[in-house]
Amino acid sequence: MSKRKIIIVSGLALFAMFVGAGNLIFPPQLGAEAGSAYLPATLGFLSTGIGLVFMGVVATTRAGGNIMDLGHHLGKVPISLFSVLAMLAIGPGLAIPRTAATTYEFLKGSLIPAFPAWLSSAIFFSIVLFFVFRPSRVVDLIGNFLTPGLIIVLSIIIIKGLITPLGEMIPTGMEAVFSTSFEKGYQTMDAIGAMCFTSIVVASFVNKGIHDHDELVSCTIKAGIIASIGIAALYSGLLYIGATTSSLKEIHDFTYVDRLIFIAEGLLGRLGSVFMCLAMVLACLTTAIGLSSTVGEFFETLSHGRIKMRWAILASTAFSYYFSISGVDKIVSIAAPILAGIYPLAIVLIVLNFFYKSLDHKALHMGCSLGALFPTAEMILNGIDGHISLMAPLENLFPESFKNFAWILPVVVLGLLAQLILPRLWPQVFNKHPNA
């Protein structure tokens, strides 16, 4: 296989692994909430769903190829704790169960009304395990076979929605459109996914004979560009279709899944719901396959082989199966505060490693990372006492449209203070070459 074909297949596989349940159900909902404010909503959502994803792929590859490498400046214990939390969030804790739950709700709502959740999830995870236990072929299987079908089905629905919109975009009164849309992009979990999926793509390049670090970075960037273009087109199309439903009052209280089914049937009739169901099943399968493989590889590496990849995957699948039966809306409600707590640190690690030559300073990484933990601390305190808020005083310093970015202030302040103070207090630690 030529290098060009390897990159294309890897890019398509990366696209498919990112395009899961959240990538299809959230954009139409956000579009409906934004209405005529479609453009700033799209820019905000794409900033998280595309900008951070691409930066995450590049940053992870430059750092060494996996999520643990991103935080090597922080020390083994802190980055291990973050990595485990992030892996559980995009693995059996949230993302994998959501793929199975969304698949079930689509099958029930569009094709098989009497289909039981336990049977749907059992079949779903059996297919996932069939693919995952062929780790050396995961990228090729997804890139060559599953992705083309997914792209064709989604393209038909989006093109039809652009040609014959379901309604008109109207003002909805949504406030702080850009920053709210940026934060809603957290629900896709793509930035965290980029930190984790990249290892699969890098391993695929290595297995095909590409070992030079600079060449690996170059190939991964090209694969990331292919994936990013596809995801950007998908989000923009689904957001637009959702925005055209903002004038349809009868679907304002629909669930995420019901709205998407309504859109598909409204555009293409009964055939549309079949197409959308097929797209959702393919999207959820490719994401669950990629995530399950990543989870297994991560815990085997973290435990230095004491936890075998196969057993980690089986444990993850068992928990995901159990959790998936609780339903999409419940999983989404649980995910929102958790992702708001861990996403800022993920963003900080991605940005610092993306600009690794100019920002490769241990003290800076430690200070910025500590500042990014303010939302995490608030999430924990809210769990203990809902009246405690660390972020409220900071949010009052920002205009209404940018309150969701208040966490950037402690990141910048603590990062600068750490860079100025720590090297003077402990020169033997913080003045050493970062790779020493």
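About the cut-offs
Residues numbered from 1 in each chain as written. Predicted model: local features only at pLDDT ≥ 70, side-chain atom pairs only at ≥ 80, totals over all residues. Heavy atoms only, no water. Helix = DSSP H or I, 4+ residues; strand = E, 2+ residues; numbered from the N terminus. Rg over C-alpha atoms; globule rule 2.2 N^0.38 Å. Buried < 20%, exposed > 50% of the residue type's maximum accessible area, 1.4 Å probe, protein only. Contact = heavy atoms within 4.5 Å. Areas by Shrake-Rupley, 256 points an atom, 1.4 Å probe, with all protein chains shown as cover. 1 Å grid on protein atoms, 1.4 Å probe; cavity = no way out; pocket = protein on both sides within 12 Å on 5 of 7 lines; lining within 4 Å. Points joined across faces, edges and corners; volume = space filled by probe spheres on them. Nonpolar A, V, L, I, M, F, W, Y, C, P; charged D, E, K, R; others polar. pLDDT = per-residue confidence, 0-100. Core = buried A, V, L, I, M, F, W, Y, C linked by side-chain atoms within 4.5 Å. Axes fitted to C-alpha atoms, helices over the stretch in contact; angles between N-to-C directions. Parallel < 35°, antiparallel > 145°, perpendicular 65-115°, else oblique. Left-handed = near helix turned anticlockwise from the far one by under 90°. Expected span 1.5 Å × (residues − 1). Arc of directions from axis to C-beta. Polar contact = N/O pair within 3.5 Å; in protein donor to acceptor, adjacent residues only side chain to side chain. Salt bridge = Lys/Arg side-chain N within 4 Å of Asp/Glu carboxyl O. Phe/Tyr/Trp six-rings, centres within 6.5 Å; stacked < 30°, edge-to-face > 60°. Lys NZ or Arg CZ within 6 Å of the ring centre and 35° of its normal.

1. Quick look at the overall build of the protein
Argument step 1. When its secondary structure is counted, the protein shows 19 helices and zero strands.
Argument step 2. The C-alpha atoms of the protein give 21 Å as radius of gyration, which agrees with the globular expectation for 436 residues (22 Å, within 12%).
Argument step 3. Residues counted as buried form 53% of the 436 residues belonging to the protein.
Argument step 4. Summarising the internal contacts of the protein: among those between residues at least 6 apart in sequence, 82% fall at separations of at least 24.
Argument step 5. Here the protein displays about 18,100 Å² of accessible surface, and carbon together with sulfur accounts for 68% of that area.

2. Here's the deal with the layout of surface pockets
Argument step 1. Its volume calculated, the largest pocket comes out at about 370 Å³.
Argument step 2. Along the wall of the largest pocket there are 19 residues; nearest its centre are Leu 74, Met 366, Ser 369, Leu 370 and Leu 373.
Argument step 3. Of all elements in the fold, only α5 (76-90), α14 (328-354), α15 (362-372) and α18 (408-425) reach the threshold of two or more residues within the lining of the largest pocket.
Argument step 4. Looking at side-chain class alone, the lining of the largest pocket contains 15 nonpolar, four polar and no charged residues.

3. A closer look at the confidence of the model for the protein
Argument step 1. Looking at the protein as a whole, its pLDDT mean stands at 84, while 92% of the residues score no less than 70.
Argument step 2. Helix α13 (residues 309-324) holds the highest mean pLDDT among the elements of the protein, 93, whereas helix α19 (residues 427-430) holds the lowest, 72.

4. Some thoughts on empty space enclosed by the protein
Argument step 1. A full pass over the atoms with the stated rule returns one cavity of 30 Å³ or more.
Argument step 2. Taken as a whole, the largest cavity holds about 120 Å³ of empty space.
Argument step 3. Contributions of two or more residues to the lining of the largest cavity are made by α1 (3-18), α2 (21-34), α6 (95-111), α10 (190-207) and α12 (256-302).
Argument step 4. Along the lines of polarity and charge, the residues of the lining of the largest cavity split into eight nonpolar, seven polar and two charged.

5. Structural notes on the nonpolar core
Argument step 1. In terms of nonpolar packing, the biggest core is built from 126 residues, with Val 19, Leu 24, Phe 82, Leu 150, Ile 192 and Phe 205 touching the most fellow members.
Argument step 2. Ignoring sequence-local partners within four residues, the contact set of Val 19 consists of Leu 24, Leu 150, Leu 154, Ile 231, Leu 234, Ala 283, Thr 286 and Thr 287.

6. What about the packing of α10 against α14?
Argument step 1. Running from N to C, α10 and α14 point in directions that differ by 55°, and their axes come no closer than 9 Å. Here α10 lies oblique to α14, going by the angle between them. Our pair here, α10 against α14, has a crossing hand that is left-handed. Contacts between α10 and α14 involve Asp 190, Ala 191, Ile 192 and Met 195 on the former and, on the latter, Leu 339, Ile 342, Tyr 343, Ala 346, Leu 349 and Ile 350.
Argument step 2. Split by residue class, the contact of α10 with α14 holds nine nonpolar, no polar and one charged.

7. A closer look at α13
Argument step 1. The end-to-end C-alpha distance of α13 is 22 Å, a good match for the 22 Å that 16 residues give at a rise of 1.5 Å each.
Argument step 2. Burial in α13 covers these residues: Met 309, Ala 312, Ile 313, Ser 316, Thr 317, Ser 320, Phe 323 and Ser 324. Buried residues in α13, looked at end-on, bunch into an arc of 130°, giving them a common side. In α13, the exposed positions that point more than 90 degrees away from the buried face belong to Trp 311 and Tyr 322.
Argument step 3. At its buried positions, α13 is contacted by α6, α7 (117-132), α12 and α14.

8. Considerations on the side chain of Thr 220
Argument step 1. By the secondary structure assignment, Thr 220 is in helix α11 (residues 213-243).
Argument step 2. A distance of 2.7 Å separates a polar atom in the side chain of Thr 220 from the backbone oxygen of Leu 216.

9. Overview of unusual backbone geometry
Argument step 1. Look at Ala 176: it is not a glycine, yet its phi comes out positive at around 45°.
Argument step 2. On the secondary structure map, Ala 176 appears in the loop between α8 (138-163) and α9 (177-184).
Argument step 3. You can call Ala 176 buried: its relative accessible area is 17%.
Argument step 4. Its identity is not glycine, yet Met 189 carries a phi of approximately 65°, on the positive side.
Argument step 5. You can see Met 189 is positioned in the loop between α9 and α10.

10. Some details on the pattern of salt bridges
Argument step 1. Per the counting criterion, the structure on display carries two salt bridges.
Argument step 2. Glu 215 is paired through a salt bridge with Lys 3; the nearest N and O atoms lie 2.3 Å apart. Of this pair, Glu 215 sits in helix α11 while Lys 3 sits in helix α1, and the two are 212 residues apart along the sequence.
Argument step 3. What makes Glu 215 partly exposed here is its relative accessible area of 26%.
Argument step 4. Glu 33 serves as the salt-bridge partner of Lys 184, at 3.4 Å between the closest nitrogen and oxygen. One end of the pair, Lys 184, is in helix α9; the other, Glu 33, is in helix α2, with 151 residues separating them in the sequence.

11. Details of the packing of aromatic side chains
Argument step 1. Taken as a whole and judged by the stated rule, the model has 14 aromatic pairs.
Argument step 2. Ring centres of Phe 319 and Phe 323 lie 6.1 Å apart, and the angle between their planes is 50°; on these two criteria the pair is classed as tilted. Taken together, the positions of Phe 319 and Phe 323, both in helix α13 and four residues apart, correspond to about one turn of that helix.
Argument step 3. Assessed through its relative accessible area of 44%, Phe 319 is described here as partly exposed.
Argument step 4. What links up through ring pairs into an aromatic cluster is the set Phe 178, Phe 182, Tyr 186, Tyr 343 and Phe 405.
Argument step 5. A cation over a ring is seen here: Arg 62 above Phe 354, with NZ or CZ 5.6 Å from the ring centre.
Argument step 6. Here the guanidinium or amino end of Arg 310 rests over the ring plane of Phe 133, the centre of that ring lying 4.3 Å away.

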